[in-house]
Every structure is written in C-alpha cells, then in structure tokens.
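Each chain, written out:
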Amino acid sequence: MNGSTMDLSFYKGKKILITGHTGFKGSWMCRMLTGVGAQVTGYALKPPTQPNLFELSGLADRMTSIVGDIRDYEKLHHVFEEYRPEIVIHMAAQPIVRESYKNPRYTYETNVMGTVNVLECIRLTDSVRSFVNVTTDKVYLNREWSWGYRENEELNGYDPYSNSKSCSELVTDSYGKSFFTDSEIAISTARAGNVIGGGDFAADRIIPDCIRAALQGEDIVVRNPYSTRPYQHVLEPVAAYLMIAQRQYEDRSLAGNYNVGPDDENCLTTGDVVTLFCHVWNDGDKDGKAGQDGLDNQENAGRCSAAGKEIHWVNRHDGGPHEANFLKLDCTKLKTTFGWRPRWNMETAIAKVVEWTNCYISGDDVGACMDEQIEEFLTGKENA
C-alpha cells in the first residue's frame with residue numbers, strides 16, 4: 001500500500017475483535033478486513049441509526065456480530081473467552097460532543113469504564129498480542145493554537161465527550177504500565193481527526209447534514225463556519241489503525257500514542273468544507289476551490305452554484321455548548337515511525353462521499369461501492 005507500511009494480507013486468517021463494529025467507522029473497517037479473509041468478531045450495540053451502513057453493506061453475513069453493551073463486563077469477557085482474538089481494536093464509544101452535554105454520565109460510563117472493561121478482558125486473555133484504543137483529536141487541552149498538537153501535549157478535553165476520551169487514554173496508559181510492561185501484548189492509542197465518508201447517517205455531523213439538506217432541497221445549516229478541524233476520509237484512520245495494529249504485533253517496540261490526521265492544507269474551516277461539498281455535489285467547480293472566496297459576502301450566509309442549480313448554506317450559530325474553534329494535529333510521529341502519509345485530499349474525499357451517496361439513492365450495491373473505494377484507496381488512486 002503506497003503511503004504506509006501496512007500489508008493488508010497480514011490480516012488473512014487473523015482473529016480480530018472490534019468493539020463498536022456497527023458504527024460508521026467500524027463498518028468500513030469490517031468491510032476492509034472481511035474482504036481479505038480476516039476472522040472478524042464484532043461487539044457493539046445495535047446500529048445507532050436507521051438506515052445504517054452496517055446493515056446496508058451486508059456485514060452480518062461476512063463476520064460474527066454480537067450485540068452487547070461495552071459496559072457489560074461479564075458478557076464482554078465471555079466473548080473474549082469464546083473467540084480468543086489476537087488483535088483487538090476498541091472503537092465502541094458515545095462519540096457526539098453535544099450528546100455528552102445531555103448525557104454526561106452515560107458518556108463517561110461508556111467511554112471510560114468501557115475502556116477499563118476491554119483492557120481487563122485483554123489482561124485475562126492470553127491470545128491477545130495487539131491492542132489499539134481509538135480515541136480522538138479532542139483529547140488535548142485545547143489552547144486554540146495555530147499549530148498542530150503533538151502526542152506529548154497535555155490531555156484534558158473540555159466537554160464530557162472529549163474529557164472522557166482523555167480519561168480513556170490515561171486508563172490505557174495505566175494498564176500498560178501496571179500489567180503489560182513485561183508481557184507480549186503491544187498497546188497503542190490512536191487520536192484521529194474528524195472523518196467523513198459514504199454511509200454516515202449520524203445526526204449533528206456536517207457532511208450527513210449537508211446530504212440530508214441537499215436531498216430535501218433545504219438550506220444547509222452551519223453552526224460555526226469558521227471553526228477549523230482536521231477533516232479526512234474515513235479510510236485514512238481505518239487504514240492507519242490497522243497499520244499500527246499490524247506493525248506493533250510484529251514489533252512490540254512500535255507501540256505508543258499516535259495522531260492520525262490530514263496535512264495542513266486539508267485542515268479546513270467548516271464553511272470551506274460545506275462550500276466544497278456544494279461544488280462537488282453539483283459537479284460544478286472541478287478545481288474544488290475552498291476558502292474565503294467560497295463564502296458569500298453576506299454576514300450570515302454562503303452560497304455555491306453549479307450545473308445550473310444552487311445549494312445554499314446558512315450560518316446559524318445557535319449559542320450551543322462550548323466547542324473548540326481551532327484544532328489541528330501534528331502527525332510527524334506516525335509519519336516518521338511507519339512511513340505513513342495521507343492518501344486523499346478533501347476534494348477527493350468529498351467526491352467519494354457523493355459517489356457512495358449516488359450509489360445508495362440509486363438502489364445499487366453499496367457494499368460493492370465500498371469495495372471499489374477501498375481498492376482505489378489501497379492501490380494508490382489519490383487526489384483525483
């Protein structure tokens with residue numbers, strides 16, 4: 001695979017346990033792994049939305065899917081004992097910032113004690129050799145810096161979601177030092193930026209909101225068009241997680257904490273992303289130009305026009321709970337350790353979202369569409 005040192009054929013026949021497999025990111029990972037013959041077991045709640053990518057892509061017929069709550073230690077431990085995984089990737093979480101303000105207790109129970117439960121099961125299961133805990137770029141104490149956060153920066157997320165993920169990082173570090181220092185188990189955490197991709201039906205995420213508005217002929221509502229985030233296609237972090245899991249399985253000294261994000265030129269404001277989506281959706285601006293020239297000079301609205309029709313977005317800051325305005329990641333460690341680099345820029349990423357969406361609304365085989373995009377990503381078709 002160009003852009004990393006991950007050999008996906010490594011996973012053929014490997015026993016993999018993925019928590020949170022019914023979610024958006026988990027579904028893409030399971031499709032990738034089952035496509036190369038991995039023995040995948042998933043443990044998660046039922047898919048969080050209807051419709052959802054897990055069911056649409058037919059994954060239940062390609063893997064062992066177990067419905068369970070990550071807070072249920074006894075059930076989770078039974079799954080570890082029965083399926084005896086070699087590699088564990090932990091993605092089960094309550095992942096929405098605004099939801100964490102509404103349900104902070106559930107967020108902490110899931111994101112902190114869920115991690116404790118997974119690590120305790122690993123401690124008691126001698127088959128495990130590699131563990132990756134997927135957290136978030138929001139684990140860092142955000143100082144609104146213009147440069148990217150590095151892995152040695154202070155962890156102290158502001159909101160309950162971000163803070164619970166900071167706690168998950170600390171729990172992982174403590175278990176590593178307390179129980180796995182002299183073991184054969186390699187443990188890493190991966191801190192990824194905002195992901196986009198086909199099949200994300202979640203509420204309160206910008207690209208799904210764009211698609212819903214476009215399909216319904218409504219304005220795209222943007223809460224804060226000037227907030228900067230490290231956006232990337234979902235296949236970027238999924239491939240990076242699998243790369244880390246593989247490489248530390250082969251060489252335990254490579255275990256650590258890793259940022260996974262785009263290069264600086266793809267750290268865009270939300271307004272830029274929505275403007276770019278408008279152009280790609282309408283098959284208009286082939287250069288995919290995003291920036292202040294894409295913002296309407298009205299104070300509270302933006303507009304994109306292409307292919308003879310217009311999609312509007314409007315700035316409607318709702319005075320909601322605190323969220324970071326500026327957030328970037330420094331991924332030098334991942335690049336220097338593994339020779340990794342991002343594959344797809346934002347124009348390509350959004351084009352792939354639109355491609356998947358057109359497949360879905362046309363009633364075509366979305367699983368086949370996923371396989372095609374995975375193959376394009378792995379074989380190096382980049383920044384088309």
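Just above, that's the structure.
I will try to describe carefully the structure that is included in this document. Only a predicted model underlies this, so the values are computations on that prediction, with no experimental measurement involved.

**Observations concerning helix H3 (residues 73-83)**
Okay, step 1: Of the positions making up H3, those classed as buried are Leu-76, His-77, Val-79 and Phe-80. Considered in projection along H3, the buried side chains sweep an arc of 155° and stay on one side of the axis.
Okay, step 2: For H3, the secondary structure elements touched by its buried residues are strand E1 (15-19), strand E2 (39-44), strand E3 (64-67), strand E4 (87-90) and helix H5 (104-123).

**Here we look at unusual backbone geometry**
Okay, step 1: Looking along the chain, the bond that leaves Gln-50 and enters Pro-51 is cis, with omega of 5°.
Okay, step 2: By secondary structure assignment, the location of Pro-51 is in the loop between E2 and helix H2 (53-56).
Okay, step 3: The residue Arg-84 is not glycine, and still its phi comes out positive at about 45°.
Okay, step 4: Relative to the helices and strands, Arg-84 resides in the loop between H3 and E4.
Okay, step 5: Using a relative accessible area of 36% as the deciding quantity, one classes Arg-84 as partly exposed.

**With respect to the packing of helix H1 (residues 24-34) against helix H8 (residues 235-250)**
A pair of packed helices is characterised by two quantities: the angle between their axes and the separation of those axes.
Okay, step 1: Axis separation between H1 and H8 bottoms out at 10 Å; the angle between their running directions is 60°. Between H1 and H8, the angle is such that the two are oblique. Once H1 is placed against H8, the crossing between them reads as right-handed. Two secondary-structure elements touch here, H1 through Lys-25, Trp-28, Met-29, Met-32 and Leu-33 and H8 through Leu-235, Val-238, Tyr-241 and Leu-242.
Okay, step 2: Here the contact of H1 with H8 is built from residues that sort into eight nonpolar, no polar and one charged.

**A closer look at the pattern of salt bridges**
Okay, step 1: Counted under the stated rule, the structure contains 19 salt bridges.
Okay, step 2: Note that Asp-69 and Arg-71 form a salt bridge whose closest N and O atoms lie 2.8 Å from each other.
Okay, step 3: Look at Arg-71 and you get partly exposed, because its relative accessible area is 35%.
Okay, step 4: In this structure, Glu-376 engages Lys-352 in a salt bridge whose closest nitrogen and oxygen atoms are separated by 2.5 Å. Here Glu-376, found in helix H12 (residues 366-378), pairs with Lys-352, found in helix H11 (residues 346-361); they are 24 residues apart in sequence, far enough to count as distant.
Okay, step 5: Classification of Glu-376 by relative accessible area gives buried; the value is 19%.
Okay, step 6: Residues participating in the shared-partner salt-bridge network are Asp-69, Arg-71, Arg-105 and Glu-109.

**Points about the sheet that holds E3**
Okay, step 1: The strand order across the open sheet built from seven strands is E3-E2-E1-E4-E5-E6-E11, with neighbouring strands paired in parallel fashion. Each having just a single partner strand, E3 and strand E11 (257-260) make up the two edges of the open sheet. Taken pair by pair, the neighbouring strands of this sheet meet at an average axis angle of 15°, ignoring direction.
Okay, step 2: Two strands pair when backbone bridges link them, and E1 and E2 are joined in this way by five bridges, in the parallel orientation. Each bridged residue has a counterpart across the sheet, and for Leu-17 the counterpart in E2 is Thr-41.
Okay, step 3: The strands touched by H1 within the sheet are E1, E2, E4, strand E5 (130-134) and strand E6 (186-192), with E1 carrying the most contacts at an inclination of about 170°.
Okay, step 4: Where helix H6 (residues 160-179) meets the sheet, it contacts E5, E6 and E11, and its direction lies at approximately 165° from that of E6.

**A look at the environment of Thr-181**
Okay, step 1: Along the chain, the position of Thr-181 falls in the loop between H6 and E6.
Okay, step 2: Note on Thr-181: relative accessible area 47%, which makes it partly exposed.
Okay, step 3: Discounting residues that sit within four places of it in the chain, Thr-181 has contacts with Gly-176 and Arg-252.
Okay, step 4: Among the polar contacts made by the side chain of Thr-181, one reaches the main-chain carbonyl oxygen of Lys-177 at a distance of 2.9 Å.

About the criteria used
Residues numbered from 1 in each chain as written. Predicted model: local features only at pLDDT ≥ 70, side-chain atom pairs only at ≥ 80, totals over all residues. Heavy atoms only, no water. Buried < 20%, exposed > 50% of the residue type's maximum accessible area, 1.4 Å probe, protein only. Helix = DSSP H or I, 4+ residues; strand = E, 2+ residues; numbered from the N terminus. Arc of directions from axis to C-beta. Contact = heavy atoms within 4.5 Å. Axes fitted to C-alpha atoms, helices over the stretch in contact; angles between N-to-C directions. Parallel < 35°, antiparallel > 145°, perpendicular 65-115°, else oblique. Left-handed = near helix turned anticlockwise from the far one by under 90°. Nonpolar A, V, L, I, M, F, W, Y, C, P; charged D, E, K, R; others polar. Salt bridge = Lys/Arg side-chain N within 4 Å of Asp/Glu carboxyl O. Pairing = 2+ DSSP bridges. Polar contact = N/O pair within 3.5 Å; in protein donor to acceptor, adjacent residues only side chain to side chain.

These values are about where atoms sit, not about what they do.
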